[in-house]
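Observations on chain architecture
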Amino acid sequence: RPTKKMNSLDLGNLCAVTVRDAGEIALIDGKSKKIVKVLKTGYAVHISRISQSGRYLFVIGRDARINLIDLWMEEPTNVAEIK
């Protein structure tokens, strides 16, 4: 994992939106209103939370799958998953 932010995303203005039945989450830039990235996650995501440091996004779905998304990578990427 990178030791510094490798992209130009404004993480303070990034929104995570659930694409409910598709099992995906869309990251949207709050300023331009454009989709930055769509990531595969578990079924019916219920909770999306940014870590205290602002680096990670935790996503929890109805299927009890927890995804850890690293927002510092060149493209936000799912780096860990537990079920």
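Our subject is the structure listed above.
Note that the structure is predicted; figures quoted are calculated from it, not measured. (Residues numbered from 1 in each chain as written. Predicted model: local features only at pLDDT ≥ 70, side-chain atom pairs only at ≥ 80, totals over all residues. Heavy atoms only, no water.)

**A short note on the overall build of the chain**
To keep it simple, the criterion reads: Counting from the N terminus, the helices are the DSSP runs of H or I reaching at least four residues and the strands are the DSSP runs of E reaching at least two. All radius of gyration figures rest on C-alpha atoms, and the globule criterion is 2.2 Å times the number of residues raised to 0.38. The buried label goes to any residue with under 20% of its type's maximum accessible area, the exposed label to any with over 50%, and the partly exposed label to all in between, with areas taken from a 1.4 Å probe on protein chains only. Note on contacts: a residue pair qualifies if any of its non-hydrogen atoms lie within 4.5 Å across the two residues. Shrake-Rupley sampling with a 1.4 Å probe provides the accessible areas, and residues are treated as covered by the protein chains on show and by no other component.
Regarding its fold elements, the chain presents zero helices and seven strands. In the chain, the succession of helices and strands from N to C terminus is β-β-β-β-β-β-β. A compact globule built from 83 residues would reach a C-alpha radius of gyration of about 12 Å, and the chain, at 12 Å, matches this within 12%. Expressed along its principal axes, the backbone C-alpha trace of the chain runs to roughly 30 × 25 × 20 Å. Per-residue burial over the chain gives 37% buried out of 83 residues. Look at the contacts in the chain between residues 6 or more apart in sequence, and 29% of them connect residues 24 or more apart. When the accessible area of the chain is evaluated, it comes to approximately 5200 Å², of which 53% is carbon and sulfur surface.

**Quick notes on unusual backbone geometry**
Excluding glycine, residues mostly have negative phi values, and the peptide bonds linking residues are mostly trans. Positive phi values are uncommon outside glycine, yet Lys-33 reaches one of about 65°. Looking at where Lys-33 falls in the secondary structure, it is placed in the loop between strand E2 (24-29) and strand E3 (35-40). Residue Lys-33 is classed as exposed on the basis of its relative accessible area, which comes to 64%. For Ala-64, which is not glycine, the phi dihedral falls at a positive 65°.

**Overview of the side chain of Asn-67**
Defined as follows: Polar contact is defined as a pair of N or O atoms within 3.5 Å, subject to the rule that within protein one atom must be able to donate a hydrogen and the other to accept it, and that residues adjacent in sequence are counted only when both atoms are side-chain atoms.
By the secondary structure assignment, Asn-67 is in strand E6 (residues 66-70). Within the local environment of Asn-67, its side chain forms a polar contact with the side chain of Glu-81, the two groups lying 3.0 Å apart. Leaving out residues up to four positions away in the same chain, Asn-67 has contacts with Lys-40, Thr-41, Gly-42, Leu-57, Phe-58, Val-59, Asn-78, Ala-80 and Glu-81.

**Overview of the pattern of salt bridges**
We count it as follows: Here a salt bridge means any side-chain nitrogen of Lys or Arg lying within 4 Å of a carboxyl oxygen belonging to Asp or Glu.
Counted according to the given criterion, the structure contains five salt bridges. Here Lys-40 and Glu-24 are joined by a salt bridge, their closest N and O atoms 3.1 Å apart. Residue Lys-40 is located in strand E3, and its partner Glu-24 is located in strand E2; the two are separated by 16 residues in the primary sequence. Classification of Lys-40 as exposed rests on a relative accessible area of 59%.

**Concerning the sheet that holds E2**
The line we're drawing: By definition, two strands form a pair when at least two bridges between them are found by DSSP. In this analysis, axes come from line fits to C-alpha atoms, helices being fitted only over the stretch in contact, and the angle between any two N-to-C directions falls in the range 0 to 180 degrees.
As summarised here, the arrangement of the three strands in space is E1-E2-E3, forming an open sheet in which the pairing is antiparallel. Edge positions in the sheet fall to strand E1 (14-19) and E3, since each of these pairs with one other strand and no more. Going across the sheet, the axis of each strand differs from the next one's by a mean of 20°, ignoring polarity. With five bridges joining them, E2 and E3 adopt antiparallel strand pairing. Residue Glu-24 lies in a different strand from E3, and its bridge partner there is Lys-40.

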